[in-house]
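Chain residues, written in single-letter form:
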Amino acid sequence: MNSLHFATTLITQDRWATLVAAYLFLGGMGAALIALGVISHLHFRADRAATLWAILSGEAFLGVGSGLLLIDLLHPINVWRILLPWNPLFLPWSWIAWGTQFIVWAMIFGLLYAWPLLLEEAWFRRLPIVGLWLSAWFDLPIIRWVGRWAQRLRFPIAWLTALCGLGTAVYTGLLLRSFPAAALWSNDLVPPLFTVSAFSTALAFQLLVFNAVLHQHDILARAYERLDLALIGVEILLVGLIMVVILPQSLSGQGSLHILLHSWGWLGGFLLLGLLLPFLLESRGVLKAWQSPAPVLLSAVLVLLGGFLLRHYFLASGVYVFPWGNAGHDGLLGAGIQHVLAHR
């Protein structure tokens, strides 16, 4: 009789590194900022300055993050192909095809929503050197016409922007979820974790703007603090479930868990400084408002640090099991990293 051998091998991925981690961080936060900005302005009466800071910063983060991904993954000549709007029709299984469309339309609709606000904002006209050029450009009839059209349709534009922004934030997790050979990436809690983290970092960025730039300490800022505290709590729960419940159940997960538990950057950088300390600071601020903006600023910076470290260590700790079908719950395979089974 022929012998039948099945071997499993663990390999830590090294293809996706800092550029992709930065894309996942900036892309998720940027998309969440755009969605947060339009919904806050439309339904919670955020002022023009706060709204423009959210939308324009989100556009910048999303654009830079997408550029980093394209630099890392694609040949420059082929970049235009992934932007084609009909790609999801021909590649419905490709999360990059869907995610690219979410990104593009979030930026387009976000800019359309901000357009009338930009025309009303005098600060841009006072900028040195480019102020005169912007004034002349803003006064062009076609620019004014687009502004009036966007103002009339601001409600549907806002919801299309929010949906595309949410889709982009979710997509950053679904992109990792689509790799079945790495248990750290392919579990069902990754998309909600990355989505929650994206909106938490967006809220943290806006709290930085409120306290350091606009000096606003109004009802909206307080609401942002409470919402960010709730999201950090959810993030702690999701990370705990992944580490305690999901990863120990598979060979790939055990490999990733070993890397995470031996990484001071994950333990001290993400879990302690980027997650638990902001949770404690924001809990204190919600229960009894800080007299100084310094703790709010510190907490916001730590949340942003944690958002990047989460994605960095998720990528760095991705462990493939080959063949990937053995990455599941086979107890015999889980007995060792290199294992040969069944021979007769």
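Residues numbered from 1 in each chain as written. Predicted model: local features only at pLDDT ≥ 70, side-chain atom pairs only at ≥ 80, totals over all residues. Heavy atoms only, no water.

**Observations concerning helix α10 (residues 190-214)**
The test is simple: Only runs of H or I of at least four residues qualify as helices and only runs of E of at least two qualify as strands under DSSP, and these elements are numbered from the N terminus. A helix is expected to reach a length of 1.5 Å times the quantity of its residues less one.
Helix length check: α10, at 25 residues, gives a terminal C-alpha distance of 34 Å against a target of 36 Å (1.5 Å per residue), a fit within 8%. His 215, located one to two residues past α10, shows a positive phi value of around 55°.

**Here's the deal with the environment of Ile 157**
Put simply, the rule is: In this analysis, two residues are considered to be in contact whenever any of their non-hydrogen atoms come within 4.5 Å of each other.
Locating Ile 157 in the fold gives a position in helix α8 (residues 154-177). Distance in space between the C-alpha atoms of Ile 157 and Leu 111 is 9.8 Å, their sequence separation being 46 residues. In this structure, Ile 157 is in contact with Phe 109, Leu 112, Tyr 113 and Ala 150, ignoring residues within four places of it in sequence.

**Observations regarding the nonpolar core**
When a protein is soluble and globular, its nonpolar side chains tend to lie buried together. Selection criterion: To form a nonpolar core, buried Ala, Val, Leu, Ile, Met, Phe, Trp, Tyr and Cys residues must be joined to one another through side-chain atoms within 4.5 Å. Relative accessible area decides the class of each residue, using a 1.4 Å probe on protein chains only: under 20% of the type maximum gives buried, over 50% gives exposed, and in between gives partly exposed.
Core analysis: the largest hydrophobic core is formed by 93 residues, its most contacted members being Trp 266 and Phe 314. The element that contributes the greatest number of residues to this core is helix α1 (residues 18-43), accounting for 17 residues. When residues no more than four places from it in sequence are discounted, the contact partners of Phe 314 are Leu 184, Trp 185, Val 190, Leu 193, Phe 194, Ile 242 and Trp 266.

**Quick word on the side chain of Ser 186**
Structurally, the position occupied by Ser 186 is in helix α9 (residues 183-186). The residues touching Ser 186, leaving out its near neighbours within four places in the chain, are Leu 176, Arg 177, Phe 179 and Pro 180.

**Here we look at the packing of aromatic side chains**
The test is simple: Pairs were defined over the aromatic rings of Phe, Tyr and Trp, the Trp ring being its six-membered one, requiring ring centres within 6.5 Å. Orientation was assigned from the angle between planes: stacked under 30 degrees, edge-to-face over 60, tilted for the rest. A ring is considered to have a charge above it if a Lys NZ or an Arg CZ atom is located within 6 Å of its centre and within 35 degrees of its normal.
Evaluation of the coordinates by the stated rule reveals nine aromatic pairs. Between Arg 284 and the ring centre of Trp 290, over which it is positioned, the NZ or CZ distance is 4.2 Å.

**Topic: a nonpolar patch on the surface**
Operational definition: Each patch groups residues whose relative accessible area exceeds 30% and which form no salt bridge, using 9 Å between like charges and 5 Å between nonpolar side chains of Val, Leu, Ile, Met, Phe, Trp and Tyr. Residue-level accessible areas treat just the shown protein chains as cover; the underlying method is Shrake-Rupley with a 1.4 Å probe. Salt bridges are counted wherever a side-chain nitrogen of Lys or Arg sits within 4 Å of a carboxyl oxygen of Asp or Glu.
A contiguous nonpolar surface patch, about 710 Å² in accessible area, is contributed by Trp 133, Trp 137, Leu 140, Ile 142, Trp 145, Trp 149 and Leu 153. Looking at the nonpolar patch, the elements with two or more residues in it are α6 (131-138) and α7 (141-152). It is α7 that provides the largest number of residues to the nonpolar patch, a total of three residues. Here Ile 142 is to be found in helix α7.

**Things to note about the packing of α1 against helix α14 (residues 294-316)**
Basically, it comes down to this: Only the stretch in contact is used when fitting a helix axis, every axis being a line fitted to C-alpha atoms; angles between N-to-C directions are given from 0 to 180 degrees. For classification purposes, angles smaller than 35 degrees are called roughly parallel, those larger than 145 roughly antiparallel, those between 65 and 115 roughly perpendicular, and all remaining angles oblique. Helix crossings are classified by the rotation of the near helix relative to the far one: an anticlockwise turn of less than a right angle makes the crossing left-handed, while a clockwise turn makes it right-handed.
Their axes nearest at 9 Å, the elements α1 and α14 cross at an angle of 135°. The pairing of α1 with α14 is recorded here as oblique in orientation. As for the relative orientation of α1 and α14, their crossing is right-handed in sense. On the side of α1, the interface is formed by Thr 18, Val 20, Ala 21, Ala 22, Leu 24, Phe 25 and Met 29, while α14 contributes Leu 304, Gly 307, Phe 308, Arg 311, His 312 and Leu 315.

**Let's talk about the environment of Gly 65**
Mapped onto the secondary structure, Gly 65 falls in helix α2 (residues 48-73). Distance in space between the C-alpha atoms of Gly 65 and Val 20 is 8.4 Å, their sequence separation being 45 residues. Among all residues touching Gly 65, those that are not within four sequence positions of it are Tyr 23 and Leu 26.

**Looking at the pattern of salt bridges**
What the rule picks out here adds up to three salt bridges. A salt bridge links Glu 225 to Arg 222; the shortest N-O distance between them is 3.6 Å. One end of the pair is Glu 225 and the other is Arg 222, both in helix α11 (residues 219-246) and three residues apart, which spans about a single turn. Residue classification places Arg 222 among the partly exposed residues on the basis of a relative accessible area of 23%.

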